[in-house]
Amino acid sequence: MAATADEALLGGRGGLSTAAVSGARPPDGSISLAVNAGRSPSPPQPLRGDTRMEWGAQRPRRRLTVLSGPSGVGKSTVVAEIRRAHPQVWLSVSVTTRAPRPGETDGVEYFFVEDAEFDRLAAGGDLLEWAEFAGNRYGTPRRPVQERLAAGVPTLLEIDLQGARQVRAAMTDALLVFLAPPSWDELVRRLSGRGTEPPEVIERRLAAARVELAAEKEFDITLVNTSVRNVCRELLALMSVAGGTAPER
Ligand code: ADP
Ligand code: 5GP
C-alpha cells in the first residue's frame, strides 16, 4: 500500500532515475556518454574522506545520484525500469502539487499534495530541494534521502534542473547525470506522443526544455536516451550497482 507524504518524511519506503554531448547525437540504438568539460569527471567512487558507518551498518555512506533532463526525454521510463528490475536502488518519491496522470498512484510516482501541505513542508525545512516547474511545485523529502545515504543504499533522485542545482549547492559530492534526447525533433515527438498534456502545457514544457538543454554542461555526465535499457545499464554502473555496464568512452 502506498505511504502518505507524512510517512515518507518520517523515513519513506523503498522507492527511483546523464556530459557534454553537444552537436551530433548517435543513431538510434547506440549509446553516447561523455564527461562534461568544466566539471571534474566523477566516476562512481566511495565518498572521499567519508566512510562513516551509521546504524551499525557495514556499508559506508553513499554518494547521491541525481537524474535530470528535459520533459519528455524519458526520465520516468528509465526510473520505472530501474524500479522494476533493480529494487536495490532506492528511488526518492517527490511531493508535488500536480494532479496525478492516469495510471499514477499516490505514494508510488509521487505524493500528490495540496498547495497548503506543500507550503508546510517547504517552510518546515522538510524538503532537500524544491522547485516550480510548468505551473506546479515539486520537492524531495529530505529525511528519507539522508537516511538511505547514511545506510549505504544506492539512492537516486529524478528532478528538474533547478532542483539539481540546489542539490549541487547542498551536497557537493552528488553525481549529477543529464539525460539528453537523441535530437530536438525526437524530444518533441516523445513529449507530444505521450499524450498526457494539453497543447499549451506541452508548449510550456518545450520552453523549459530549451533552458534545460542549455544547462547540460553543469552536469557531471550526459547519457543520450536512445535505448532505455542501455541508459539503465550505464546509470547503474555509474552508481556502482550490480547489473550496470561501464559505458564505452
Ligand atoms: P519524462 O519523464 O522525461 O518526462 P517519459 O519517461 O514520460 O519522459 O517519456 C516520454 C515518452 O517517451 C513516453 O511516451 C516514453 O514511452 C517515450 N520514451 C522514453 N524513452 C524512450 C526511448 N529510448 N525511445 C523511444 N521512446 C522513449
Ligand atoms: P512531471 O510532471 O513530468 O512528472 O515532472 C515535471 C518535472 O519535474 C520533471 O523535470 C521532473 O524531473 C521534475 N521533478 C519531479 N520531482 C521533482 C522534485 O522533487 N524536485 C524537483 N526540483 N523537480 C522534480
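Heads up: the structure comes first, above all this text.
Residues numbered from 1 in each chain as written. Chains lettered and ligands numbered in written order. Predicted model: local features only at pLDDT ≥ 70, side-chain atom pairs only at ≥ 80, totals over all residues. Heavy atoms only, no water.

Draft legend 1. How the structure looks around the overall build of the chain. When its secondary structure is counted, the chain shows eight helices and 10 strands. Looking at the chain as a whole, 53% of its 249 residues qualify as buried. When the accessible surface of the chain is summed, it comes to about 11,400 Å², and 53% of that surface belongs to carbon and sulfur atoms. (Helix = DSSP H or I, 4+ residues; strand = E, 2+ residues; numbered from the N terminus. Buried < 20%, exposed > 50% of the residue type's maximum accessible area, 1.4 Å probe, protein only. Areas by Shrake-Rupley, 256 points an atom, 1.4 Å probe, with all protein chains shown as cover.)

Draft legend 2. Representation of the site of ligand 2 within the structure. Looking at ligand 2, there are 16 residues lining it, with S94, R98, Y110, Y138 and E158 nearest. Between ligand 2 and the protein, one listed contact pairs an oxygen atom with a backbone N or O atom of G139 at 3.2 Å. Computed on the free molecule, ligand 2 has an accessible area of 510 Å², of which 98% lies beneath the protein chains in the complex. Counting residues per element, the ones that place at least two in the shell around ligand 2 are strand 6 (127-133) and strand 7 (136-141). By residue class, the composition of the shell around ligand 2 is five nonpolar, four polar and seven charged. (Near = heavy atom within 4 Å. Polar contact = N/O pair within 3.5 Å; in protein donor to acceptor, adjacent residues only side chain to side chain. Nonpolar A, V, L, I, M, F, W, Y, C, P; charged D, E, K, R; others polar.)

Draft legend 3. Here's a closer look at the site of ligand 1. The full set close to ligand 1 counts 14 residues, and G72, K75, S76, T77 and R194 are the nearest of them. Within the contact set of ligand 1, an oxygen atom lies 2.8 Å away from a backbone nitrogen or oxygen of K75. One of the side-chain N or O atoms of T77 is found 2.6 Å from an oxygen atom in ligand 1. In isolation ligand 1 offers 560 Å² of accessible surface; the protein chains occlude 75% of this area. Broken down by secondary-structure element, the contributors of at least two residues to the shell around ligand 1 are helix 2 (75-85) and helix 6 (184-194). If you tally residues by element for the shell around ligand 1, the top one is helix 2, at three residues. Of the residues belonging to the shell around ligand 1, the class tally is three nonpolar, eight polar and three charged.

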